[in-house]
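Architecture at a glance
So the chains spell out like this:
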Amino acid sequence: SDKKNMVSIMTGLSQLFGQAIQSAYPDLVDPPTTVVPSTQRFGDYQCNSAMGLVKMLKDKGVKANPREIAQNIANNVSENPLIEKVDVAGPGFINVYLTKAYVIDEINNLLSMGVRPPYVGARKRVLVDMSSPNIAKVMHVGHYVLRSTIIGDAICRLCEFVGHDVLKLNHLGDWGIEIGMLITNFQDEFPNYLSISPLIQDLTTFIQESKQRFDNEEEFKARAYASVVKLQSYDPDCVKAWTLICDVSRNELRNIYKRLDIKNLVDRGESYYQPIMPKVVEILDKSGLTKVEDGRKICWVPGHSVPLTIVKSDGGFTYDTSDMAALHQRLFKEKADWLLYVVNQSQNEHLETCYDAAAAAGWCDRKTTRIEHVGFGVVLGEDKKRFKTVYGDPVLVVDFLDEGIRRSEARLREEGRDKVLNEEEFNAAKEAVAYGCIKYADLSHNRVHDYVFSFDKMLDSKGNTAVYLQYAYMRIQSIARAANVKPEDIEAAIGKVQLSLDHPKEWKLAKCLLRFPDIVLRNMDDFLMHILCEYLYELCGCFTEFWDACYVVEKDKTTGNVVKVNMDRLLLCTATARIMEAGFRILGIRTVAKM
Ligand code: ARG
């Protein structure tokens, strides 16, 4: 295999088993060849293809039970450096045992070359539509923006890790009727806005006020509608008001993104696509996809029960139009290979309709261009209801982040960390824990479902939480320091000091480390980041077992002085830290040297 990449053991084994099945049963077309990691008692990996082959073979007139099939496959596995032996168990499982030499070799590669991505094929241009708040909506936690930002960023980091070319787009809602509401209220509140460029002091209050007026004042409502039409034809006064409002909103957003380490997010709201919307409507017309019904121009898409509204009866464009324009721009101008939309689950029907419309118009083939809605549920409070304050108000994202910092600080003080760390270290730890816990809470739950957020649970250093992982990482990092082994000593030992992996816990930890590339490959497929979280948690567990059972540093019982450093085991610690770092980097969680 190419040294540039980390080896995917699952791919390697499944190729070997593919060949074995091929030679055992040459007539079968596309037999299942998946090989999965197994628990210790049943070898290191397991191939369960035999069960699935019973029916395939029966259709070919071959009668055999799964156990016989499994044995036949096992007999046909060719000599190779990966597999020590295979045996058949139970009704037809094939247990696979890896060779120690192979695992040692890969751990050495990991140490000498660092953590590298598995091979994923040609470099792809990946566009990720993420975060995307509506300027005219107050940013609440229970809403989607925070989740889209956190999940979207992790997916971008993952795609970047495997070497793809990623463009992160913030599809801001900056062009619809809510904007008209804000503009109108702004013009009323700051009548001389054209000469003095006023600054909205409190955007949240301003938004609430605007909505209030829109809902209660008929005359205001009419002006709001009119101002959207004016804005969309670039009326200079409206554009000025709009720009001033968007600037305030963007400043607040920038602040949040900075706190959460969200980098290179390009602002490209709905407004960005306005100039190409007329052309895109024309293109859809020409493809014969649109028709006029009740004065509106709509687009029925095969397989969908609700049509897209492309042009409203007043001639205005809609959210649907902007998404069709964005799709066109992203496919043709940006030349994206993949389009990922990290958007809340409730927009699934809207997005799928747009994607299928694009395919129906011949803009793309959904079988070859990966256009995907990466959906997610909402954040709930501990009462499993909408996330809110003790007073029953929705929680603002900014307040939520502040609360995270407060809680994390209290937690670290409780543990006396403020006495051990200097101020700079303490602040770094405080932020790493707070934002880490908020991100991890989100990422460690299956994104498809709603999830219940609890600060207490997320700051628990015993469960599957960011703090637990951060502490574990820090402890691993401090082993060498405590034993007076310098980083350069470790560096020098790589490739020189032989790993033995003789202890079962060493062996278990090493095998767990080598599963990382397969976790990455799986995540590139499903973007279910909780799988990576679970893996890191499991890795920490393997490390703890190893640490409890194997001496890395041996100390004199009475003096406490270091008597012996088992360098091979220290290398295993180093390898663990490397994999953990790589995992944290993908999740967007900070590590600190001292905590
Ligand atoms: N701003 C939208 C909303 O608040 C989310 C945008 C998602 N992206 C998209 N291309 N439609 O619901």
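Read on for an overview of the structure. (Residues numbered from 1 in each chain as written. Predicted model: local features only at pLDDT ≥ 70, side-chain atom pairs only at ≥ 80, totals over all residues. Heavy atoms only, no water.)

**Considerations on the pairing of strand 4 (residues 93-98)**
- Across three bridges, the pairing between strand 2 (residues 45-47) and strand 4 is antiparallel. Its bridge partner lying in strand 4, tyrosine 45 is registered against valine 96.
- Here strand 3 (residues 83-89) runs beside strand 4; their pairing, made up of six bridges, is antiparallel. Residue pairing in the sheet places alanine 89 in a bridge with phenylalanine 93 of strand 4.
- Remark: three residues form the turn of the hairpin made by strand 3 and strand 4, two consecutive strands paired antiparallel; glycine 90 in that turn has positive phi of roughly 55°. (Pairing = 2+ DSSP bridges. Helix = DSSP H or I, 4+ residues; strand = E, 2+ residues; numbered from the N terminus.)

**Some points on the sheet that holds strand 11 (residues 338-342)**
- Within the open sheet, the five strands sit side by side as 7-6-5-11-12. Their pairing is parallel. Pairing within the sheet leaves two strands with one partner each, and these edge strands are strand 7 (265-267) and strand 12 (370-374). Between one strand and the next, the sheet's axes are offset by a mean angle of 25°, whatever the strand orientation.
- Taken together, the three bridges between strand 6 (residues 165-170) and strand 7 define a ladder with parallel strand orientation. From the neighbouring strand, lysine 168 faces strand 7, where its bridge partner is leucine 265.
- Strands in contact with helix 13 (residues 348-360) are strand 11 and strand 12; relative to strand 12, the strand with the most contacts, it is inclined by about 170°. (Axes fitted to C-alpha atoms, helices over the stretch in contact; angles between N-to-C directions. Contact = heavy atoms within 4.5 Å.)

**Focus on helix 18 (residues 466-482)**
- The terminal C-alpha atoms of helix 18, which comprises 17 residues, lie 24 Å apart, in line with the 24 Å expected from a rise of 1.5 Å per residue.
- By the criterion of burial, helix 18 is predominantly enclosed, with twelve of the 17 residues buried.
- Along helix 18, the positions that sit buried rather than exposed are Ala466, Val467, Tyr468, Leu469, Gln470, Tyr471, Ala472, Tyr473, Met474, Ile476, Ile479 and Ala480.
- Looking one or two residues beyond helix 18, the residue adopting positive phi is asparagine 484, at roughly 60°. (Expected span 1.5 Å × (residues − 1). Buried < 20%, exposed > 50% of the residue type's maximum accessible area, 1.4 Å probe, protein only.)

**Re the sheet that holds strand 8 (residues 290-293)**
- With antiparallel pairing, the three strands of this open sheet are ordered in space as 8-9-10. Looking along the sheet, the strands with just one partner apiece sit at the ends: strand 8 and strand 10 (308-311). The sheet shows a mean angle of 45° between the axes of neighbouring strands, direction not considered.
- The pairing of strand 9 (residues 296-299) with strand 10 spans three bridges and is classified as antiparallel. Bridging across to strand 10, cysteine 299 finds its partner in leucine 308.
- Sitting on the sheet, helix 11 (residues 277-286) is in contact with strand 8, strand 9 and strand 10, with an inclination near 120° to strand 10.

**Focus: the site of the ligand**
- Around the ligand sit Asp129, Ser132, Asn134, Tyr144, His171, Tyr319, Asp323, Tyr341, Val343 and Gln347, and those are all the residues in its vicinity.
- Between a nitrogen atom of the ligand and a side-chain N or O atom of aspartate 129, the distance comes to 2.8 Å.
- In the model, a nitrogen atom of the ligand is placed 2.8 Å from a nitrogen or oxygen of the asparagine 134 side chain.
- For the ligand, the accessible surface in isolation is 350 Å², of which the surrounding protein chains cover 94%.
- Among the residues forming the shell around the ligand, the class breakdown is four nonpolar, four polar and two charged. (Near = heavy atom within 4 Å. Polar contact = N/O pair within 3.5 Å; in protein donor to acceptor, adjacent residues only side chain to side chain. Areas by Shrake-Rupley, 256 points an atom, 1.4 Å probe, with all protein chains shown as cover. Nonpolar A, V, L, I, M, F, W, Y, C, P; charged D, E, K, R; others polar.)

**Some remarks on the environment of serine 461**
- Mapped onto the fold, serine 461 is located in the loop between helix 17 (455-458) and helix 18.
- Along the chain, serine 461 and arginine 578 lie 117 residues apart, while their C-alpha atoms are 21 Å from each other.
- Not counting the four nearest positions on each side in its chain, serine 461 is found in contact with Arg411, Glu415, Val467, Tyr468 and Tyr471.

**Things to note about the nonpolar core**
- Judged by nonpolar contacts, the single largest core of 149 residues is most densely connected at Leu13, Ile107 and Phe453.
- For this core, the element with the most residues is helix 23 (residues 567-587), which contributes 13 residues.
- Ignoring any residue separated from it by four or fewer positions in sequence, one finds isoleucine 107 in contact with Leu499, Ala510, Leu513, Leu514, Leu572 and Ala575.
- Tyr273, Phe317, Ala361 and Trp363 belong to the second largest nonpolar core, which has 33 residues in total. (Core = buried A, V, L, I, M, F, W, Y, C linked by side-chain atoms within 4.5 Å.)

Just geometry here; none of it tells us what the structure is for.
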